[in-house]
Amino acid sequence: MRLSVDRYVLSEETFYKLSDLVNKFMGIKMPIAKRALLEARLQKLIRGNDLGSFENYLDFISRKNHRDPDIVNFCNAVATNKTDFFRENAHFDFMTKTALPEIRDSGCRMIRVWSAASSTGEEPYTLAMVLAEFCEKNSGMDFSVLGTDISTKVLTKAKAGVYSREDVDGIPPDLMRKYLHSRSGGDFEIKDVLKRRMRWGRFNLMTRNYNVPGPFEIIFCRNVLIYFNRDNQALIYGKLLGQLVPDGYLFLGHSESMAGMSSRKQAVAPAVFRIS
Ligand SMILES: C[S@@+](CC[C@H](N)C(=O)[O-])C[C@H]1O[C@@H](n2cnc3c(N)ncnc32)[C@H](O)[C@@H]1O
């Protein structure tokens, strides 16, 4: 049904079918309370493909496989990308004070870190700043950061590394001066000294085989699995633990838990697990 020039209405029946597709392609649970959100986020794709209704759009994407560009656009539209520099800062303190010294003392010289739901880049660049500071004080140490996300839209922004004044609010002033430069127009850009250490790629956590360039000393997978059902969470936690070196660290969001999900880990700080 079309109400005006560019507003399509999502019926309850079609919502449930689209919500099944969100679950199938992304692993995300989408309850009926999210109907208005999904309705708003898919308007542009219906218009852009000249489909005229949610029913036609459902029919259009139901036939596609997960690599199809229309499914990539669907995931881009559905994903919630809220993030910040130094979000849940206790994790970065724990890294500096505990995890990184322990990794150094184990004899490791190249610290490999994976931000597995990197959104627009704030989390992986925060990791890069923390790692650069640590390596500067510990000669002979080096690092790399891999940022991946299901959304190609956020990855484009992450790679560019350009942020508004509001975006960079959470960065301490000394790190701001050291690792970002200002651009004409009032924006800020991450300096090459960090960008050189970053790699980026599209990666769906629901993928059966994790073909990522690991293993890693540290994995961050924060504020994404909270939207997944328990079975998918358990599966993904298992695969993430499989990408860590022995004694490696997995950081989850503060409201996420692995309670009862794997015997291969021990909790070492709030939402931080160490593989055992
Ligand atoms: C709320 S953001 C969290 C960003 C960052 N980790 C943080 O805590 O600030 C969640 C991110 O997960 C991504 N995402 C959602 N489903 C995904 C999936 N199946 N595989 C990989 N990334 C996914 C979204 O595109 C989004 O960028």
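Draft legend 1. The arrangement of the domain arrangement of the protein in detail. One can read the domain layout of the protein as domain 1 (2-78) and domain 2 (90-275). Computed from C-alpha atoms alone, the centre-to-centre distance between domain 1 and domain 2 is 30 Å. With seven residues of domain 1 at the interface, the matching set in domain 2 holds ten residues. Sort the elements by how many residues they give to the side of domain 1 that touches domain 2 and helix α4 (residues 69-78) lands first, with three residues.

Draft legend 2. Main features of the pairing of strand β9 (residues 216-221). With six of six residues buried, β9 is to be regarded as a mostly interior element. Relative to β9, strand β3 (residues 110-115) runs parallel, the two sharing three bridges. Note on β9: the bridge partner recorded for Ser115 is Phe220. Where β9 meets strand β10 (residues 244-252), five bridges bridge the pair, whose relative direction is parallel. Along β10, the bridge assignment pairs Ile219 with Leu250.

Draft legend 3. Structural view of the sheet that holds β10. With mixed pairing, the seven strands of this open sheet are ordered in space as β8-β4-β3-β9-β10-β12-β11. This sheet does not close on itself; its edge strands, each paired only once, are β8 (198-202) and β11 (265-269). On average, each strand axis in the sheet is tilted by 20° relative to the strand beside it, whichever way the strands run. Sitting on the sheet, helix α6 (residues 122-137) touches β3, β4 (142-149), β8 and β9, and the angle it makes with β4 is about 175°. Helix α10 (residues 230-242) rests against β9, β10, β11 and β12 (272-275) of the sheet, and its axis sits at about 135° to β10.

Scoring rules and cut-offs
- Residues numbered from 1 in each chain as written.
- Predicted model: local features only at pLDDT ≥ 70, side-chain atom pairs only at ≥ 80, totals over all residues.
- Domains from an automatic or database assignment.
- Contact = placed C-beta atoms within 7 Å.
- Helix = DSSP H or I, 4+ residues; strand = E, 2+ residues; numbered from the N terminus.
- Buried ≥ 20, exposed ≤ 12 C-beta atoms within 10 Å, placed from the backbone.
- Pairing = 2+ DSSP bridges.
- Axes fitted to C-alpha atoms, helices over the stretch in contact; angles between N-to-C directions.

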